[in-house]
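# A structural walkthrough
Each chain, written out:
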Amino acid sequence: MRKGVVYLIGAGPGDPGLITVKGKQLLSEADVVVYDRLTHPDLLLDLKQGVELIYAGKASANHIMTQPEINAVLVEKAEDNKSVARLKGGDPFVFGRGGEEAEACLEAGVEFEVVPGITSAISAPAYAGIPVTHRDAASSFVVITGHERDDAGQAGTRSAGQAEGRRNWSTLAHSADTLIFLMGVEALPEIVARLVENGKSSETPVALVQWGTWLKQKVVTGTLETICEEVLRNGIKPPAVCVVGEVVNLREKLKWFDNLAFHPLYGRKIVVTRAREQASAFASSLRERGAEPVIYPTIQINPVDLEPLGKALTSINDFNWVVFTSVNAVTPFAECLKAAGLDARVFHGLKIGAIGASTAKAVSSELGILADYTPTEAVAESLVLDWPDKDYENIRILLPQALEARETFAHSMEGLGAKITVIPVYETVYQQNDVDVFIQRIKSQEIDAITFTASSTVHNFVRSLGGNDSIVKDLVQGIPLVSIGPVTSDAIAAHGLTVTATATIHSLDGLMEVVEQLFQ
Ligand code: SAH
């Protein structure tokens, strides 16, 4: 990402999986992120440390940033030699006033780039089971502004632009088989009246998709004759996309997103306490099941000096095993290997152990080698018990792990006669959070379960809430606490808290399984 450049990035319609790979990458590197009201909060999770976040929706309690103010901020930050990500809902050039922001950059002599996004005009209908074209029902679609509010979500804060004033309803009504209106909720009665006036049948099917692609998506269908009443009755408010045309009838058959509502986790708010960098995979599998992940990272994975590992790599043939006891050890190991100009061939003649399936998977994807050994249970005790080679005297293990990791494995193996060289390759440290907001959510009974994936997440969870076991116990009273395995469960119990369920398979998949069972 270049400094002094403004990137106009489409955030997609809501579902945080619907941003482009390029957009996500730029976002994670930006010095400054300027975002809108309709930005999904999870998109702001994996940002650079020290990033400056600017909310363009509402600058203070009663001040909405105006378009000229937003333009000015973009220019100012770029002139300050920052890399600026301007995150805009849907596609930046579809009614997003992205064109105006690009013009402002141009006028100020600031460079800009555009990263297109998935527009709500097509994706909100798609999540409602409505294809905007269909071989039998529609061979064209148009996207039209209903224009009743600007980007900041304030009704009537701007007058219609010249192009909007020129809308010609008699042409529009017949311009395509499918008519898609954005910003059309408040003007719906007028839209319907103009279409019928200009010869559209009052029987034409219509759908409104509110909060399309978000878990709270709501869909209302009817005809040009009935839709206004349906919208009123169901309390549909902006943001919503309005689709007019025969394709709406396909929804009955093709609706798929609504079926998520039958999943046991639908609408459940599940706390994820893992490190921010690691939370996203578990969070997205929660989201796939219709749950809402509440990301509350309690630990942070920090890099450490890799020189000791670099040294060990130069004499790697002194070892006959490398054992990975955490997925976190794999990336620094791979980086160190690469930095030393080496590759997977250094493992020639060595055996590889991995504590569990996710670690084995990381070893295979990041180092390109298959683990020779994973124990039946992903815990240190099992790693020792199931050890395949009983000739302990001749075992020399290289063990890259966390600074201050549990020493169960190393001690037990040494007790059996093996030689172990422990090398720290990362560090887990405490991460402070917005604790007041979190406590408020617990108190207003908004939390359905809390998940723990390591004993460090438990200790730091308690610490983040003030560190007093009995106060924490009162606070989380009645909320299921779910753990990935016995060691983590012991840590929960050690704080005087009750473990509701422990995963039988000690992996994220196993954790998901036990969370699902809880709400079955
Ligand atoms: N650039 C955006 C549109 C901005 S105008 C895009 O390409 O999607 C804002 C309007 O977009 C809203 O009034 C609403 O009509 C529509 N919109 C944006 N996100 C939406 C969503 N998730 N569901 C339904 N409509 C949405």
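Here is what the cut-offs are and how they apply
- Sequence order as written defines residue numbering, which begins from 1 separately in each chain.
- The predicted nature of this model means local features are confined to residues of pLDDT at least 70 and side-chain atom pairs, given and counted, to a pLDDT of 80 or more, with totals for whole chains, interfaces and linings taken over all residues.
- Only hydrogens and water are set aside when side-chain values are computed; all heavy atoms of the structure are taken into account.
- Axis lines are fitted to C-alpha atoms, over the contacting stretch for helices. Their N-to-C directions set the angle, which ranges from 0 to 180 degrees.
- Counting from the N terminus, the helices are the DSSP runs of H or I reaching at least four residues and the strands are the DSSP runs of E reaching at least two.
- By the definition adopted for this analysis, an angle is roughly parallel if under 35 degrees, roughly antiparallel if over 145, roughly perpendicular if from 65 to 115, and oblique otherwise.
- Here a crossing is called left-handed whenever its near helix is offset anticlockwise from the far helix by less than a right angle, and right-handed whenever the offset is clockwise.
- Note on contacts: a residue pair is in contact if any heavy atoms of the two residues lie within 4.5 Å.
- Two strands pair under a simple rule: DSSP has to find at least two bridges between them.
- Here a residue counts as near a molecule or strand whenever at least one of its heavy atoms sits within 4 Å of it.
- The term polar contact refers here to a pair of N or O atoms within 3.5 Å; inside protein, the definition further demands a hydrogen-donor-capable atom paired with an acceptor-capable atom, and it admits residues adjacent in sequence only when both atoms are side-chain atoms.
- Here, Shrake-Rupley sampling with a 1.4 Å probe gives the accessible areas, and only protein chains in the shown set may cover a residue.
- Bear in mind that the domain bounds are from an automatic or database domain assignment.
- Salt bridge, as applied in this entry: a Lys or Arg side-chain nitrogen positioned within 4 Å of an Asp or Glu carboxyl oxygen.
- Scored from 0 to 100, pLDDT reflects the predictor's confidence in each residue.
- Here the quantity called buried area is the total loss of accessible area, with a 1.4 Å probe, experienced by two parts when brought into contact, counted for both.
- Exposure is judged per residue with a 1.4 Å probe applied to protein chains only, and the accessible area is read against the type maximum: over 50% gives exposed, under 20% gives buried, and values in between give partly exposed.
- Side-chain atoms within 4.5 Å are what join buried Ala, Val, Leu, Ile, Met, Phe, Trp, Tyr and Cys residues into a set we call a nonpolar core.
- Polar here means any residue outside two lists: the nonpolar Ala, Val, Leu, Ile, Met, Phe, Trp, Tyr, Cys and Pro, and the charged Asp, Glu, Lys and Arg; Gly therefore counts as polar.

### Looking at the packing of helix H2 (residues 67-79) against helix H3 (residues 98-108)
Here H2 crosses H3 at 45°, and the two axes come no closer than 9 Å. When the axis of H2 is compared with that of H3, the two are oblique. Judged by the twist between their axes, the crossing of H2 over H3 is right-handed. In this structure, H2 uses Gln 67, Ile 70, Asn 71, Leu 74, Val 75 and Glu 79 to contact H3, whose residues at the interface are Glu 100, Glu 101, Ala 104, Cys 105 and Ala 108.

### Some thoughts on the sheet that holds strand E5 (residues 111-115)
Taken in spatial order, the five strands make up an open sheet running E3-E2-E4-E1-E5, and their pairing is parallel. Edge positions in the sheet fall to strand E3 (52-55) and E5, since each has one partner strand and no second. The sheet shows a mean angle of 20° between the axes of neighbouring strands, direction not considered. As judged from the five bridges shared by strand E1 (residues 5-10) and strand E4 (residues 84-88), these two strands associate in the parallel manner. Across the sheet, residue Tyr 7 finds its bridge partner in E4, namely Ala 85. Packing against the sheet, H2 makes contact with E1, strand E2 (32-35), E3 and E4, and its axis sits at approximately 155° to E4. With respect to the sheet, H3 is in contact with E1, E4 and E5, its orientation differing from that of E1 by roughly 175°.

### Some words on the site of the ligand
With respect to spatial proximity, 18 residues lie near the ligand, and among them Val 94, Thr 119, Ser 120, Gly 212 and Ala 240 are the closest. Between an oxygen atom of the ligand and a side-chain N or O atom of Ser 120, the distance comes to 2.7 Å. Within the complex, the protein chains bury 94% of what would otherwise be the 550 Å² of accessible surface of the ligand. Two domains each provide a minimum of three residues to the shell around the ligand, namely domain 1 (5-118) and domain 2 (122-257).

### Let's talk about the pattern of salt bridges
Oppositely charged side chains may form a pair once their charged atoms are brought near each other. Tallied over the full model, the rule gives 23 salt bridges. One salt bridge in this structure joins Arg 441 and Glu 292, with 3.2 Å as the shortest N-O distance. Of this pair, Arg 441 sits in helix H16 (residues 435-443) while Glu 292 is found in strand E12 (residues 292-295), placing the two residues 149 residues apart along the sequence. Two residues, Lys 311 and Glu 307, come together in a salt bridge whose shortest N-O distance is 3.9 Å. Within this pair, Lys 311 and its partner Glu 307 are both found in helix H11 (residues 307-314), separated by four residues, close to a single helical turn. Because the salt bridges share partners, they merge into one network encompassing Asp 36, Arg 86, Lys 88 and Glu 101.

### Observations regarding the confidence of the model for the chain
Residues of the chain with pLDDT of at least 70 account for 96%, and the chain-wide mean is 92. Contacts of residues 149-156 to residues separated by more than four positions or lying in other chains number 26 contacts, the stretch itself having pLDDT below 50.

### A word on the domain arrangement of the chain
Parsing the chain into structural domains produces domain 1 (5-118), domain 2 (122-257), domain 3 (263-298 + 431-518) and domain 4 (303-428). In this structure, domain 1 and domain 3 have C-alpha centres spaced 32 Å apart. On the domain 3 side, the residues contacting the five residues of domain 1 number five residues. Between domain 1 and domain 3, roughly 430 Å² of surface is buried when both sides are summed, and carbon and sulfur atoms account for 46% of that area.

### Observations regarding helix H4 (residues 120-127)
Turning to H4, its buried residues are Ala 121, Ser 123, Ala 124, Pro 125 and Tyr 127. Those residues of H4 that are buried lie in contact with strand E6 (141-145), strand E7 (178-182), strand E8 (205-210) and strand E10 (240-244). At the C-terminal side of H4, Gly 129 shows a positive phi close to 80°.

### Quick word on the sheet that holds strand E9 (residues 218-223)
If you trace the five strands from one edge of the open sheet to the other, you get E6-E7-E10-E8-E9, paired in mixed fashion. Two strands in the sheet have a free side with no partner beyond their single neighbour: E6 and E9. Put simply, the sheet's adjacent strands are angled 20° from each other on average, direction ignored. Pairing between E8 and E10: five bridges, direction antiparallel. Bridged to Gln 210 within E10 is Ala 240. The strands touched by H4 within the sheet are E6, E7, E8 and E10, with E10 carrying the most contacts at an inclination of about 80°. Packed onto the sheet, helix H7 (residues 188-197) meets E7, E8 and E10 and runs at close to 155° relative to E7.

### Some details on the nonpolar core
Membership of the largest hydrophobic core comes to 29 residues, with the highest contact counts inside it found for Val 322, Phe 324, Phe 333, Phe 347, Leu 367 and Leu 398. Of all the secondary structure elements, the ones that give two or more residues to this core are strand E13 (299-303), H11, strand E14 (321-324), helix H12 (330-339), helix H13 (357-367), strand E16 (396-402) and strand E17 (419-430). Examining the composition of this core, we find that five residues originate from one element, H12, more than from any other. When residues no more than four places from it in sequence are discounted, the contact partners of Val 322 are Ile 316, Phe 333, Phe 347, Leu 350, Lys 351, Ile 352, Gly 353, Leu 398 and Pro 400.

### Here we look at the packing of H11 against H12
Between H11 and H12, the least distance of the axes is 10 Å, while the angle of their chain directions is 60°. Note on packing geometry: the crossing formed by H11 with H12 is right-handed. Where H11 approaches H12, its residues Leu 309, Gly 310 and Leu 313 are matched on the opposing element by Pro 332, Phe 333, Cys 336 and Leu 337. Of the residues contributing to the contact of H11 with H12, the split by class is six nonpolar, one polar and no charged.

### Let's talk about helix H17 (residues 455-464)
For H17, the complete set of buried residues consists of Thr 457, Val 458, Asn 460, Phe 461, Val 462 and Ser 464. In this structure, the buried residues of H17 make contact with E13, E17, H16, strand E18 (449-452), helix H18 (469-476) and helix H19 (486-494). The positive-phi residue at the C-terminal boundary of H17 is Gly 466, with phi of around 110°.

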